[in-house]
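Listed here are the chains, written in short residue letters.
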Amino acid sequence: MVKQIRSNLVMGFIVLLPAIATLYILQLGFSFIDRILGNFLTGVLIALGVVHERAATGKVEFLWFVFEERIPGIGFIFMILILIGVGYATRGIIGKRAIRITERAFKRIPVVKSIYSTVQQVTTAFIQDRTSFKKVVLVEYPRKGLYTVGFLTGESQGEVQEKTERECVNVFLPTTPNPTSGWLVIVPKEDIMLLDMSVEQGLKFIISGGVVVPKGYPMETITTKEENFEKILTQIKVDENKASHEVKVNITKKE
């Protein structure tokens, strides 16, 4: 009886742990942001006369409500507005220049440089998962009989393709648990095995070290796989041509 209760207790803890941890992290983030920006904005509103501070108790009064030290939630709302504004600004030339200046400033500080670069690489990997990574593939690497999960990034071209006897593709093999580092391998098309999992699922699989396994998909015939592979390569060519055309148009406009 005691053993069964203990087993159920452990199982309940394991099941609820992800939800509890998620809520705890969100609560910490909300409190941290709201405390810093909330106090600042409340002080600004007091200086503008929008919010009144009671001298005797130190409490603040806004409309018909009285708060202890700041208006709760105002800092978090302001943070959301800042993020939206920054996201909108980055679409323009001035915003992009401001970002480049900020990046150079952070990368000149010794300790901050490593932290900023690491976070930037991780976020860039997830932002680019739909543009740089075309498909999740399986490659027989580093030796025969061993397989590595990678991402198809494009079709080999130029000197690399000319020096090889077979038609090859570029595959990025990321490391675990940091998928932003890894190496590029040039693989013949016939040696690539396409996987049905999405790029996002592939990233989760690699970051977790194989713990987070995507759900199974129905098996496809070899003919269907080959047709899908040709379609993917065709789409990659279309995307590359489109990107090259956009670059030429931007250069022409600047001139």
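Higher on the page you've got the structure.
Here's what I pulled together on the structure shown here. If you're wondering where the values come from, they're calculated on a predicted model, not measured in any experiment.

Taken in spatial order, the five strands of this open sheet run β7-β6-β5-β4-β8, and their pairing is antiparallel. The sheet is open, and its two edges are formed by β7 (182-188) and β8 (193-194), each paired on a single side.

For strand β6 (residues 168-174), a buried count of seven out of seven residues is recorded, marking the element as mostly surrounded by other parts of the structure. Taken together, the four bridges between strand β5 (residues 147-155) and β6 define a ladder with antiparallel strand orientation. The residue of β6 that forms the bridge with G154 is N170.

Next up on the list: the pattern of salt bridges. In total, this model carries four salt bridges according to the counting rule given. Residues E190 and R166 are paired through a salt bridge, measuring 3.0 Å at the closest nitrogen-oxygen approach. Linking E190 in the loop between β7 and β8 with R166 in the loop between α5 (158-163) and β6, this pair joins segments that are 24 residues apart in sequence. Note on R166: relative accessible area 43%, which makes it partly exposed. Salt-bridge contacts for K204 lead to E200; the nearest nitrogen and oxygen are separated by 3.6 Å. Of this pair, K204 and E200 both sit in helix α6 (residues 199-207), four residues apart, which is roughly one turn of that helix. By relative accessible area, which is 44% here, K204 ends up partly exposed.

Reading the values: rules and limits
- Within each chain, residues carry numbers counting from 1 in the order of the written sequence.
- Per-residue local features are limited, in this predicted model, to residues with pLDDT of at least 70; the limit for side-chain atom pairs, both in listing and counting, is 80 or more; totals at the level of whole chains, interfaces and linings are taken over all residues.
- Where side-chain values are given, they derive from all heavy atoms of the structure, hydrogens and water being excluded.
- When DSSP finds two or more bridges between a pair of strands, those strands are recorded as paired.
- Secondary structure elements are taken from DSSP: a helix is a run of H or I of four residues or more, a strand is a run of E of two residues or more, and numbering for both begins at the N terminus.
- Each residue is placed in one exposure class: buried if its accessible area under a 1.4 Å probe, protein chains only, is under 20% of its type's maximum, exposed if it is over 50%, and partly exposed if it falls in between.
- Salt bridges are defined as contacts in which a side-chain nitrogen from Lys or Arg sits within 4 Å of a carboxyl oxygen from Asp or Glu.

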